[in-house]
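Geometric and topological summary
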Amino acid sequence: MGQLGAQPVFAQVLSSGEGRASSVDLVEAARTLSMQDAYARALFLYIRSNPAVMNDQQFYVGLVSYLVSTQIGHDCHNAFANEFERRDYYTRAFQVQPQLQQIITGKKIPQRFEVSYRVTTSEYDFQASSLPFGNIRSIGQQLGRMIGSENAQGCAHGMLQGTNVDVQAFPWRFDVIDESGQPQAPQFPFVRSLQLGPADARTLFQQFGRQLYSIVAYQVVAASDGSHRVQVIATDAQLFGLSDTAVVRVQTYAHPSLSQPNYLDIASQLTVRTERPPQQQGYNAYSHVPHLDVTVTLQQDGFRAVATGVAQSPGTGVTAGGTRTITGSAAVGSSSFIMRMSAPQLTGRVQGLSDVPGAQRFLTVFGEIDFNNVTASSAPILGQAMVLQVAADGTLSETQPFPITGEFTPLQASAQAEPDTPTANE
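Note that the structure is predicted; figures quoted are calculated from it, not measured.

1. A word on the pairing of strand 8 (residues 247–254)
Sheet topology places strand 7 (residues 229–242) next to strand 8; seven bridges connect them, and they run antiparallel. Bridging across to strand 8, Phe240 finds its partner in Arg249. What sits between the antiparallel neighbours strand 7 and strand 8 is a turn of four residues.

Spelled out as structure tokens, the structure:
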């Protein structure tokens, strides 16, 4: 069983059981596991930095349980039909240990990732010539003092209940440390206020209101001493104002030794849409999601890009759908982007927003390249979007973030080969 070619035999032998786990191909689960998931990335970096842990049987059983949990979701109570099937599965799982080690060793694991932030500013302090920050909110990935997977841990407990395996010994969580090695959540690298003269502060407010945005790049390194710790350090960041017509850089952060200020090449066509699975048609967490089907063409200059395109409006069953012209602008990081687009197609009812006469609506997209599924013809994106409403008096209202999908086409040659190593530099 030392060769990857033996994989089908493994799957065939284990498929005779009745539980959900019996159909899980461990080799394929490891091969396709997304390294854009913070815990999966930390775990594989930990194994790569401490390869001897794969020889620890209890650790390996924990790894197998984790891989199974990524495939069967919340259906852990049906993982095995009985204790005999469970014993057979874990016994045979050791046969593919060399393949799993090989996959983890050769897997492309990005040691840099990005987080998008929305920064709400407070009232300008004329005496201190300062614009204080109010709320700083990360959109999408949440950063804290630990990186863990409680769902997978609970699943493993259920699957291994009644055995002598010490489930707690497996690294279901990694403590986050800062550059000096102290326990600390990853930092937003900018100070909590801007030193601006009254004229600049007025211009910023008139153009962007009380919202700024930031894309922050972090480097992550797993400890090589066997401890369950990961070091997360901010390396590069841009703080900027964003509207549907402009991106204005406000501040730049660069780590003294770790900075690598690169920008994803997005000079192509981008499609963004929302998709509602059947179970989301009724009242649920995403009942506020508007219909989106937007296609824009982007022109890029460094970390800025401008967009023009059309939005498709759905038909009603009685009337046909139509198209509307839209414009937008975007700020770009090394693997992600934030885009603001005009949204004339969103003049109807949007849950979470009041119908205010004279108000304008915009769409803010927080996206990143899904580099696990990049092909020669498209670069899929993952992300979230929010509908922003600006009343005539400047009052801002927003929906909760909702999931979006889409893709860049055609794909630039550089992005095909290395989607998280961009080529356009400012």
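2. Section: the side chain of Asp236
With respect to the element layout, Asp236 can be found in strand 7. Buried Asp236, no salt bridge; nearest opposite-charge side chain is Arg112, N-O distance 4.2 Å. In this structure the side chain of Asp236 is engaged in a polar contact, spanning 2.8 Å, whose partner is the backbone nitrogen of Gln260.

3. Considering the pattern of salt bridges
A side chain with one charge may pair with a side chain of the opposite charge, provided their charged atoms come close. Counted under the stated rule, the structure contains six salt bridges. Here Glu398 and Arg118 are joined by a salt bridge, their closest N and O atoms 2.1 Å apart. In this pair, Glu398 sits in strand 16 (residues 396–398) while Arg118 sits in strand 1 (residues 112–121), placing the two residues 280 residues apart along the sequence. Summarising the burial analysis for this pair, Glu398 and Arg118 share the class buried. Two residues, Arg229 and Asp225, come together in a salt bridge whose shortest N-O distance is 3.4 Å. Taking the relative accessible area as the measure of exposure, Asp225 reaches 54% and is therefore exposed.

4. Some words on the packing of helix 3 (residues 38–49) against helix 6 (residues 97–106)
With their axes 9 Å apart at the nearest point, helix 3 and helix 6 run at an angle of 105° to one another. Here helix 3 is positioned roughly perpendicular relative to helix 6, judged by the angle of their axes. Across the interface between the two elements, Phe44, Ile47 and Arg48 of helix 3 pack against Ile104, Thr105 and Gly106 of helix 6.

5. Details of the packing of helix 4 (residues 57–72) against helix 5 (residues 83–93)
Where helix 4 contacts helix 5, the axes come no closer than 10 Å and their chain directions differ by 110°. What the angle tells us is that helix 4 and helix 5 run roughly perpendicular. Along its contact with helix 4, which presents Tyr60, Val61, Val64, Ser65 and Val68, the element helix 5 presents Tyr89, Tyr90 and Ala93. Its residues assigned to classes, the contact of helix 4 with helix 5 shows seven nonpolar, one polar and no charged.

6. Let's talk about helix 8 (residues 198–208)
Since the α-helix packs 3.6 residues into each turn, any two residues three or four apart lie on the same face. Every buried residue of helix 8 is accounted for by Ala201, Leu204 and Phe208. End-on, the buried residues of helix 8 take up no more than an arc of 65°, which puts them together on one face. Residues of helix 8 that are exposed and point over 90 degrees away from its buried face: Ala199, Arg202 and Gln206. Those residues of helix 8 that are buried are in contact with strand 2 (130–139), strand 5 (193–195), strand 6 (211–222), strand 7 and strand 8.

7. Some words on the pairing of strand 4 (residues 173–177)
For strand 3 (residues 146–148) and strand 4, the ladder comprises three bridges, and the chain directions are antiparallel. For Ile147, the partnering residue across the bridge sits in strand 4 and is Phe174. In terms of strand pairing, strand 4 meets strand 7 through three bridges, oriented parallel. By the bridge assignment, Asp175 is partnered in strand 7 with Arg229.

8. Some thoughts on the state of the cysteines
Across all of its chains, the model carries one disulfide by this definition. Here Cys76 pairs with Cys155 through a disulfide, and the sulfurs are 1.9 Å apart. For the disulfide bridge between Cys76 and Cys155, the dihedral angle about the S-S bond is near -110°, and by the sign convention the bridge is left-handed. Residue Cys76 is found in the loop between helix 4 and helix 5, and its partner Cys155 is found in helix 7 (residues 150–159); the two are separated by 79 residues along the sequence. Cys76 gets classed as buried once you look at its relative accessible area, which sits at 14%.

9. As for the packing of aromatic side chains
Enumeration according to the criterion identifies 18 aromatic pairs in this entry. Relative to Phe59, the ring of Tyr46 lies with its centre 6.2 Å away and its plane at 40°, an arrangement referred to as tilted. One end of the pair, Tyr46, is in helix 3; the other, Phe59, is in helix 4, with 13 residues separating them in the sequence. For Phe59, a relative accessible area of 7% puts it in the buried group. For the ring pair Phe113 and Tyr218, a centre distance of 5.5 Å and an interplane angle of 25° mean the geometry is stacked. Taken together, the residues span a long stretch of sequence, with Phe113 in strand 1 and Tyr218 in strand 6 at a distance of 105 residues. The same class applies to Phe113 as to Tyr218, namely buried. Taken together, the aromatic side chains of Tyr39, Tyr46, Phe59, Tyr66, Phe170, Trp172 and Phe174 make up a single cluster linked through ring pairs.

What counts as what
- All residue numbers here refer to positions counted from 1 along the written sequence of the relevant chain.
- The model is predicted, so local features are restricted to residues of pLDDT at least 70 and side-chain atom pairs to those at 80 or more, both for listing and for counting; the totals for chains, interfaces and linings are taken over all residues.
- Side-chain metrics rest on all non-hydrogen atoms present in the structure, leaving aside hydrogens and water.
- By the convention used here, strands pair only if DSSP detects at least 2 bridges between them.
- Each helix is a run of H or I in the DSSP string that is no shorter than four residues. Each strand is a run of E no shorter than two, and both are numbered from the N terminus.
- Each residue gets one of three labels from its accessible area relative to the maximum for its type: buried under 20%, exposed over 50%, partly exposed in between, using a 1.4 Å probe on protein chains only.
- We score Asp and Glu as negative and Lys and Arg as positive, and we do not count His or the chain ends.
- A pair is scored as a salt bridge if a Lys or Arg side-chain nitrogen falls within 4 Å of a carboxyl oxygen belonging to Asp or Glu.
- Polar contact criterion, stated in full: a pair of N or O atoms within 3.5 Å, where within protein one must be able to donate a hydrogen and the other to accept it, and residues adjacent in sequence count only if both atoms are side-chain atoms.
- A fitted line through C-alpha atoms represents every axis, and for helices the fit uses only the stretch in contact; the resulting angles, taken between N-to-C directions, go from 0 to 180 degrees.
- Each angle receives one of four descriptions, namely roughly parallel if under 35 degrees, roughly antiparallel if over 145, roughly perpendicular if within 65 to 115, and oblique otherwise.
- The contact rule is simple, with two residues in contact once any of their heavy atoms fall within 4.5 Å.
- Charged residues are taken to be Asp, Glu, Lys and Arg, nonpolar residues to be Ala, Val, Leu, Ile, Met, Phe, Trp, Tyr, Cys and Pro, and polar residues to be all remaining types, Gly included.
- Note that the arc is computed from the directions linking the helix axis to the C-beta atoms.
- A pair of sulfur atoms, both from cysteines and within 2.5 Å, is called a disulfide here.
- Only rings of Phe, Tyr and Trp enter the pairing, Trp through its six-membered ring, and a pair is recorded when the two centres are within 6.5 Å. The plane angle decides the type: under 30 degrees is stacked, over 60 is edge-to-face, the rest tilted.

Honestly, it's all geometry; don't read function into it.
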